[in-house]
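Examining the three-dimensional arrangement
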Amino acid sequence: GGGGVIQVVQKLFTTTFTSNVYAYADITGFTIDITPKFSTSKILCLGHISGNGTNNTRALYRLFRTVSGGSGVSLGVGNDNIGNRAPCLGTIYDSDDDNSPRNFGYSVLDSPATTNSINYKIQISNGNNTDSSYLML
C-alpha cells in the first residue's frame, strides 16, 4: 500500500559552535546521513535550534543537502545570495547582551528523488561579522 515511516535517523548536538563569518559555514559535527529506500521517498527533517550572540548580532541558519556523487543544495525558497537572507531555516537576532538564548524549531519535507546516500547539515552565517553568533543545542 505505500506510506508509513521506513527509517528514523537522529542526531543530538550537545556542544557550542561560534561563527563570526558572513558566509555560510558548516557547523562542525552537525551532520547526518540517510539513504532513501525508494526514489519516491520523502525525508522529513525536524529540529530545534537555540542560539545567541553578542549585542545586535543576527545569525542565519540553513539546511544544506548533498547527494552522494552530486553537488550540494540549500533547502528552501530563494537563492544562495546571503544578502537576500534566503533560503534559511530561521534567524536569531540578539539585540542585547543579556546572554539569554533565542530558540526556534524547524521542519522541512525534502523530496530528493534518489536512492543514493544523502548528507544533511546545518550551516550558520553571521549577519554582522564583527561580532559572534553562537549555536547551543
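Up top is the structure.
The structure reproduced in this document is the subject of the present report.

What counts, and where the lines are drawn
- Residues numbered from 1 in each chain as written.
- Predicted model: local features only at pLDDT ≥ 70, side-chain atom pairs only at ≥ 80, totals over all residues.
- Heavy atoms only, no water.
- Helix = DSSP H or I, 4+ residues; strand = E, 2+ residues; numbered from the N terminus.
- Buried < 20%, exposed > 50% of the residue type's maximum accessible area, 1.4 Å probe, protein only.
- Core = buried A, V, L, I, M, F, W, Y, C linked by side-chain atoms within 4.5 Å.
- Contact = heavy atoms within 4.5 Å.
- Polar contact = N/O pair within 3.5 Å; in protein donor to acceptor, adjacent residues only side chain to side chain.
- Patch = residues over 30% accessible without salt bridge, like charges linked within 9 Å, V, L, I, M, F, W, Y side chains within 5 Å.
- Areas by Shrake-Rupley, 256 points an atom, 1.4 Å probe, with all protein chains shown as cover.
- Salt bridge = Lys/Arg side-chain N within 4 Å of Asp/Glu carboxyl O.

Bringing the overall build of the chain into the picture now. Broken down by element type, the chain carries zero helices and nine strands. Across the chain, helices and strands are ordered from the amino to the carboxyl terminus as β-β-β-β-β-β-β-β-β. Of all 137 residues assigned to the chain, the portion counted as buried reaches 37%.

Turning to the nonpolar core, a few remarks are in order. Ranked by size, the top nonpolar core spans 22 residues in total, and within it Y61, L63, Y120 and I122 carry the most contacts. Those residues in contact with I122 that lie beyond four places of it in its chain are A25, D26, I27, F30, I49, Y61, R62, L63, L89 and Y106.

Before going further, it helps to examine the side chain of T114. Within the secondary structure, T114 is located in the loop between β7 (102–110) and β8 (118–126). Polar contacts involving the side chain of T114 include one to the main-chain amide nitrogen of N116, which spans 3.0 Å. Beyond its immediate stretch of four places on either side in the chain, T114 contacts P36, F38, S39 and V67.

Where nonpolar side chains cluster on the molecular surface, the patch consists of L44, L46 and L109 and spans about 340 Å² of accessible area. In this fold, L44 is placed in strand β3 (residues 43–53). Classification of L44 by relative accessible area gives exposed; the value is 53%.

Structurally, V73 can be placed in strand β5 (residues 72–74). Linking V73 and L63, residues 10 residues apart in sequence, is a C-alpha distance of 8.7 Å.

The subject of this paragraph is the pattern of salt bridges. Under the counting rule described, the total for this entry stands at two salt bridges. Between K121 and D26 there is a salt bridge, with the nearest N and O atoms lying 3.0 Å from each other. Of the two residues, K121 is situated in strand β8 and D26 in strand β2 (residues 25–34); the sequence distance between them amounts to 95 residues.

Looking at the element boundaries, T35 is found in the loop between β2 and β3. Looking at T35, the relative accessible area reads 39%, which means it is partly exposed. On a C-alpha basis, the gap between T35 and N116 in space is 5.9 Å, while along the polypeptide they are 81 residues apart. What T35 contacts, discounting residues up to four positions off in sequence, is Q7, T115, N116 and S117.

Here the phi dihedral of A113 falls at roughly 55 degrees; this positive angle occurs in a residue that is not glycine. Among the structural elements, A113 can be located in the loop between β7 and β8.

This brings us to the environment of G72. On the secondary structure map, G72 appears in strand β5. Each C-alpha atom of the pair G72 and Y120 lies 9.4 Å from the other, and the pair is 48 residues apart in sequence.

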